[in-house]
Amino acid sequence: MQSKNSYLGLPVLKEKEITLALKREDLLHPLISGNKYRKLKYNLQEAQNLHLRTLITFGGAYSNHIVALSYAGMEKGLATVGIIRGEELMDKWQDNPTLAMAHQNGMVFKFISRAAYRNKTDSDFLLTLEEEYGPFYLVPEGGTNSLAIKGCEEILTQADEDFDMVCTCVGTGGTMAGLINSSRPHQQVIGFAALKGEFLEGEITKMTTEKHWKLISDYHFNGYGKVTGELVHFINKFKRTTGIPLDPVYTGKMLYGLLDMIKNDNFAKGTKILAIHTGGLQGIAGMNLRLKKKKLPLLHI
């Protein structure tokens with residue numbers, strides 16, 4: 001399955017003589033969209049090859065990965081279990097659009113404390129899961145493993161070789177690693193961190209031996225899942241101008257940062273840039289609930 005490139009004609013691009021195209025990975029599938037589709041492709045094949053009928057994974061209250069896995073499992077006839085961070089959600093998950101959607105897709109939840117969640121991959125904890133749910137195929141939080149990286153390597157095609165730079169948002173680093181591996185030597189891959197922390201660069205280094213990449217950590221808006229009125233305004237204006245919706249956790253932050261860097265002459269005239277839209281639009285409904293509580297402007301759906 002291939003996505004299409006949408007060329008953007010924003011004023012700042014014309015002024016700086018920069019070409020920017022957005023690869024619409026969000027259009028791959030209504031729910032298993034963007035990088036989640038890519039990450040799950042070979043993991044689902046492996047689970048079926050191993051004749052395992054249950055998928056178990058981890059995630060937070062608004063996880064795109066949780067929704068994508070639940071729907072993918074339903075499509076493949078596999079049972080899905082989500083280990084969810086935060087015991088306080090146990091009695092009110094029905095009010096959470098992400099978890100309600102995952103449950104509708106057949107996912108069973110196990111809510112654990114944040115302290116327990118930090119040890120979620122310990123062998124003793126995984127053994128208790130097997131005792132409770134039987135043999136299962138484990139998909140990591142965010143979906144990133146070697147098979148996920150293999151899937152993300154398929155984002156770029158031969159038609160993308162003319163671009164000088166490839167830009168993506170970064171959560172766990174798997175999507176960026178796949179793009180680095182499949183990009184051409186003349187291309188630089190730029191990742192925009194969606195969360196705080198200096199660890200991401202080290203994580204990406206573990207997943208690729210290539211060197212033609214750079215991580216930008218200036219546009220995380222105070223951390224993972226954090227948004228400001230300024231970011232909401234940018235996303236809404238972008239949708240009005242281009243007709244393209246952006247999620248506030250990943251792609252919205254990347255494009256805010258990328259256009260800011262273009263405005264501040266970080267790229268030479270004539271540079272051709274390809275940015276990856278990694279999906280995640282299901283999270284807008286949940287984010288709007290949080291914005292409403294904080295009396296901040298809402299994202300346009």
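Participant: Please explain the sheet that holds strand 3 (residues 54–59) as it appears in this structure.
Facilitator: Sheets are built from strands that pair by backbone hydrogen bonding, the pairs being arranged parallel or antiparallel. Strand order in the open sheet formed by four strands is 5-4-3-6, and the pairing between neighbours is parallel. The open sheet has two edge strands, strand 5 (108–112) and strand 6 (137–138), and neither has a second partner. Bridging between strand 3 and strand 4 (residues 79–85) involves six bridges; their strand directions are parallel. Bridge assignment links G59 to a residue of strand 4, and that residue is I84.

Participant: Mind showing me how you'd approach the pairing of strand 7 (residues 165–170) here?
Facilitator: In the case of a regular strand, side chains alternate between the two sheet surfaces. A large share of strand 7 lies buried, amounting to six of its six residues. Residues M165, C167 and C169 point to one face of strand 7 and V166, T168 and V170 to the other, with burial holding for every one of them. Sheet analysis places strand 7 next to strand 8 (residues 188–193), joined by six bridges and oriented parallel. Pairing of C167 across the sheet is with I190, part of strand 8. Read as a crossover between parallel neighbours, the route from strand 7 over helix 8 (residues 174–182) to strand 8 is right-handed. The pairing of strand 7 with strand 10 (residues 272–277) spans three bridges and is parallel. When the bridges of strand 10 are listed, V166 appears paired with L274.

Participant: Would you explain the packing of aromatic side chains in this entry?
Facilitator: Tallied over the entire structure, the rule returns ten aromatic pairs. With centroids separated by 5.0 Å and ring planes inclined at 80 degrees, the aromatic side chains of F221 and Y256 adopt a geometry described as edge-to-face. Highlighted residues: F221 in the loop between strand 9 (213–216) and helix 10 (229–242) and Y256 in helix 11 (residues 251–263), separated in sequence by 35 residues. Cluster of aromatic residues (ring-pair linked, three or more members): F192, Y219, F221, F234, F238 and Y256. The aromatic ring of F58 is capped on one face by K120, whose charged end is 6.0 Å from the ring centroid. A cation over a ring is seen here: K150 above Y42, with NZ or CZ 4.2 Å from the ring centre.

Participant: Explain the side chain of D26 here, please?
Facilitator: Mapped onto the fold, D26 is located in the loop between strand 2 (19–24) and helix 2 (34–49). At 2.8 Å, the side chain of D26 and the side chain of R24 are in polar contact. Leaving out residues up to four positions away in the same chain, D26 has contacts with S33, G34, H277, G279 and L281.

The rules we used
Residues numbered from 1 in each chain as written. Predicted model: local features only at pLDDT ≥ 70, side-chain atom pairs only at ≥ 80, totals over all residues. Heavy atoms only, no water. Pairing = 2+ DSSP bridges. Helix = DSSP H or I, 4+ residues; strand = E, 2+ residues; numbered from the N terminus. Buried < 20%, exposed > 50% of the residue type's maximum accessible area, 1.4 Å probe, protein only. Right-handed = clockwise from strand over helix to strand, strands pointing away. Phe/Tyr/Trp six-rings, centres within 6.5 Å; stacked < 30°, edge-to-face > 60°. Lys NZ or Arg CZ within 6 Å of the ring centre and 35° of its normal. Polar contact = N/O pair within 3.5 Å; in protein donor to acceptor, adjacent residues only side chain to side chain. Contact = heavy atoms within 4.5 Å.

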